[in-house]
Amino acid sequence: MALCISEQRLRLVPDPPPARDEAAQHAPAADTGSDDDRPAELSAPFPGEEPAAGPGDFYADAMETV
Amino acid sequence: VTTPLRPAERAYTLSTRHGWNEFVTAPPRQRPELLSAAQIRKLPEAARLEYEERRSVWHANIGPLRTPQMRAVHEDLDDIVEANRQDGDRVKGAAVIDAYPGLGKSTIAQVFARGFHQRQVSLYGPVTGAGHDRVPVVHVCLTSSTSKRSFNAMLCRFFGLPGHDRGNAEELGHKAADAVLACDVRLCVVDDVHFLDPRRRDGRDVANHFKYLANTFPVTFIYVGVGLERRGLVSEGLAAGEEELAQNARRWTTLGVDPFEIETEPGRQTWRQLLLAIEKDLVLAGTHPGMVADDLADYLFARSTGALRLADDADHPRLPRAIRTGTEQLTRDLLDQVRNDAAAEAARQELLAAFDAGKLRARPATAGPRSAVPSAMAAAG
């Protein structure tokens, strides 16, 4: 019984969101058509985060508008 | 029936409370979509006019940009405002932003005051403890004929007080004082202070009135103007009969705004960061990476002699011409067609000669080779 309850509880608890490192380990490699086979999640910002400027961002050094 | 386009300009005045509130609470503008030259040509006439109107207003309002000069002045202003948090009976220091025209000093003060206003309302709410509207900031612009009475009338007008232009200087001053206290004003920006002439009696009266206000109210004053030290408004060494102003000088902290410089590599990098910000915001079909930041770096520096008010001015009188003429690009040829201001023109010729001779450069070494990328969008058109 205890085991059943335990299993039921386990089923009731939603999966926690994976941590960033964990997500990076388990995410399938995105087909970007490039040589870079890192998973897309590695470079994806967390919600609320500004996406980081990539090396190809010509305007990365531009002053901020206020 | 087509719906008439609503004017996109925000026609507010910062010298009234409602106008100031509009400035403080206005949402960021929506950048018009970038269309290719071919897409623009295919637009129906009304849609094309609307698109050009939107771009015109957008380009006229590029910025302000957080320049190093703005950051430095804001840090000093933060210190002064923070140091002024004594109780109302203590004498308050004031800040003076004193710089040549075209360096964005009014914009620097307004952006600081806007942030201050937003923080105060966020902290304490939109209504004071006594139930009045909270007005953390007052903003007034002096005129060439400002007297003590007219300055008090300006304060009353800012609050929208009935009879804001009736009564003598003292009566108007009392009305303004009541409003300042009731609305929990904490910051007062006084622009165009260079209109005050300390050699004239009314000019001295107003300057002394500032001292009285600073002594009386829990308010930090920010005075903005051109050549205020030279005019004797903030100097200790005053002529006979002007000694009373010396007290202002001891309580006012003067903050300068330097022009951009390209003598050093950090200076050139800053210039490029400024131009990148402008270029990034352009909505021209013929634009390409480096059109401004690389191709026009030398030219724009020479044209403006480093006083390019790109904190709030992207050489934008030229942008409508780029749209009207269909070039959809900013080029040296196009900019040459537009009259420069007289002050910059003489220096421009000298600087251009130095750039052309290779004796001077505005691009940093880290910027790499100049871009030769043609505009894909223009090519598509």
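Refer to the structure presented above.
Procedures and definitions
- Residues numbered from 1 in each chain as written.
- Chains lettered and ligands numbered in written order.
- Predicted model: local features only at pLDDT ≥ 70, side-chain atom pairs only at ≥ 80, totals over all residues.
- Heavy atoms only, no water.
- Helix = DSSP H or I, 4+ residues; strand = E, 2+ residues; numbered from the N terminus.
- Buried < 20%, exposed > 50% of the residue type's maximum accessible area, 1.4 Å probe, protein only.
- Areas by Shrake-Rupley, 256 points an atom, 1.4 Å probe, with all protein chains shown as cover.
- Arc of directions from axis to C-beta.
- Contact = heavy atoms within 4.5 Å.
- Pairing = 2+ DSSP bridges.
- Patch = residues over 30% accessible without salt bridge, like charges linked within 9 Å, V, L, I, M, F, W, Y side chains within 5 Å.
- Salt bridge = Lys/Arg side-chain N within 4 Å of Asp/Glu carboxyl O.
- Lys, Arg positive; Asp, Glu negative; His and termini not counted.
- Charge placed at Lys NZ, Arg CZ, Asp CG, Glu CD.
- Axes fitted to C-alpha atoms, helices over the stretch in contact; angles between N-to-C directions.
- Polar contact = N/O pair within 3.5 Å; in protein donor to acceptor, adjacent residues only side chain to side chain.
- Buried area = accessible area lost by both parts, 1.4 Å probe.
- Nonpolar A, V, L, I, M, F, W, Y, C, P; charged D, E, K, R; others polar.
- Phe/Tyr/Trp six-rings, centres within 6.5 Å; stacked < 30°, edge-to-face > 60°.

**Student:** Would you mind going over the overall build of chain A with me for this structure?
**Tutor:** What chain A contains, in helices and strands, is three helices and zero strands. Element order for chain A, N to C, with α for helix and β for strand: α-α-α. Relative to its 66 residues, chain A shows a buried fraction of 11%. Accessible area for chain A stands at about 5,800 Å²; split by element, carbon and sulfur atoms hold 56% of it.

**Student:** What exactly am I supposed to notice about helix α1 (residues 17-25) of chain B here?
**Tutor:** One turn of an α-helix holds 3.6 residues; hence residues three or four places apart share an orientation. All names here are of chain B. Residues of α1 that are buried include every one of R17, G19, W20, F23 and V24, and no others. What you see down the axis of α1 is that its buried residues fit within an arc of 165 degrees, all on one side. Pointing more than 90 degrees away from the buried face of α1 are the exposed residues H18 and T25. Residues of α1 that are buried in the fold lie against α5 (105-124), β2 (137-141) and α6 (148-159).

**Student:** Which parts of the structure should I look at to understand the pairing of strand β3 (residues 187-191) of chain B?
**Tutor:** Remember that side chains alternate between the two faces of the sheet whenever the strand is regular. All names here are of chain B. Extensive coverage of β3 is indicated by the burial of five of its five residues. Neither face of β3 is left uncovered, since the one carrying L187, V189 and D191 and the one carrying C188 and V190 both have all their residues buried. Where β2 lies against β3, five bridges are found, and the strand directions are parallel. In the strand pairing of β3, V140 is matched with V190. By the bridge criterion, four bridges tie β3 to strand β4 (residues 220-225) in an arrangement that is parallel. Considered in β4, the bridge of V189 is made with I222.

**Student:** Honestly, a negative patch on the surface in this entry has me stumped. Any pointers?
**Tutor:** There is a patch of like negative charges on the surface, built from B:E75, B:D76, B:D78 and B:D79. Here B:D78 shows up in helix α4 (residues 68-83).

**Student:** Explain the sheet that holds strand β1 (residues 94-98) of chain B here, please?
**Tutor:** Strand pairing in a sheet relies on backbone hydrogen bonds. The paired strands run either parallel or antiparallel. All names here are of chain B. In spatial order, the strands read β2-β3-β4-β1-β5; together these five strands make up an open sheet with parallel pairing. What marks the edges here is a single partner per strand, and that holds for β2 and β5 (252-255). On average, each strand axis in the sheet is tilted by 15 degrees relative to the strand beside it, whichever way the strands run. With four bridges connecting them, β1 and β4 associate as parallel partners. In the sheet register, V96 faces β4, and the bridge partner there is Y223. Packed on one face of the sheet, α5 meets β1, β2, β3 and β4 and runs near 165 degrees to β3.

**Student:** So what exactly am I meant to see when it comes to the environment of B:Q329 here?
**Tutor:** All names here are of chain B. Of note, Q329 is situated in the loop between α12 (319-324) and α13 (332-336). Residues Q329 and R10, spaced 319 residues apart in sequence, show a C-alpha to C-alpha distance of 26 Å. Those residues within four positions of Q329 in sequence are excluded, and the remaining contacts are L284, G286, T287, H288, M291, A322 and L334. Reaching out from Q329, the side chain makes a polar contact with the backbone oxygen of G286 at a distance of 2.8 Å.

**Student:** Would you mind showing me how to read the interface of chain B and chain A here?
**Tutor:** One widely used convention gives an interface's size as the accessible area the parts lose upon coming together. Residue-level contacts link 23 residues of chain B with eight residues of chain A. At the boundary of chain B with chain A, total buried surface from both sides reaches about 1,300 Å², with 65% on carbon and sulfur atoms. Per-residue buried area on chain B facing chain A is highest for B:R66, B:Q273 and B:L276; these three make up 40% of the total on that side. Our enumeration of links across chain B and chain A arrives at one salt bridge. Residue B:R66 is joined to A:E64 by a salt bridge in which the shortest nitrogen-to-oxygen separation is 3.0 Å. Summed over the shared surface of chain B and chain A, the result is four residue pairs in polar contact (both at pLDDT 80 or more). Counting only elements with at least two residues in the side of chain B that touches chain A, the list comes to α4, α5 and α10 (265-281) of chain B. Ranked by residue count, the leading element in the side of chain B that touches chain A is α10(B), at nine residues. When grouped by side-chain class, the residues that make up the side of chain B that touches chain A number ten nonpolar, six polar and seven charged.

**Student:** Can you walk me through unusual backbone geometry in this structure?
**Tutor:** Most peptide bonds are trans, and most residues other than glycine sit at a negative phi. All names here are of chain B. Residue P64 follows G63 across a cis peptide bond; omega there is -5 degrees. Considering the arrangement of structural elements, one finds P64 in the loop between α3 (45-60) and α4. Its identity is not glycine, yet D192 carries a phi of approximately 60 degrees, on the positive side. The topology assignment puts D192 in the loop between β3 and α8 (201-216).

**Student:** Help me understand the environment of B:R166, please; the structure alone is not making it clear to me.
**Tutor:** Along the polypeptide, B:R166 turns up in the loop between α6 and α7 (169-182). Apart from the residues within four sequence positions on either side, B:R166 is in contact with B:R149, B:L172 and B:K175.

**Student:** When you look at the packing of aromatic side chains in this model, what are you seeing that I'm missing?
**Tutor:** The geometry of an aromatic ring pair is captured by the separation of the ring centres together with the interplanar angle, meaning the angle of the planes. Residues and elements named next belong to chain B. Enumeration according to the criterion identifies ten aromatic pairs over all chains in this entry. Look at F221 and Y223: their rings are 5.7 Å apart centre to centre, the planes differ by 15 degrees, and that puts the pair in the stacked class. Through a chain of ring-to-ring contacts, the aromatic side chains of F151, F210, F221, Y223 and W252 assemble into a single cluster.

**Student:** I would appreciate a short explanation of the pattern of salt bridges in the present structure.
**Tutor:** Between side chains of opposite charge, pairing is possible as soon as their charged atoms come close. All names here are of chain B. Counted by the stated rule, this structure contains 18 salt bridges over all chains. Put simply, R85 and E82 hold a salt bridge, and the shortest N to O gap is 3.7 Å. The exposure classification of R85 matches that of E82, with both residues exposed. Of the charged contacts in the structure, one is a salt bridge between D205 and R201, with a shortest N-O distance of 4.0 Å. One end of the pair, D205, and the other, R201, are both in helix α8, four residues apart, so they sit about a helical turn from each other. Residue R201 is classed as exposed on the basis of its relative accessible area, which comes to 63%. Salt bridges linked by common partners bring E45, R48 and E52 together as one network.

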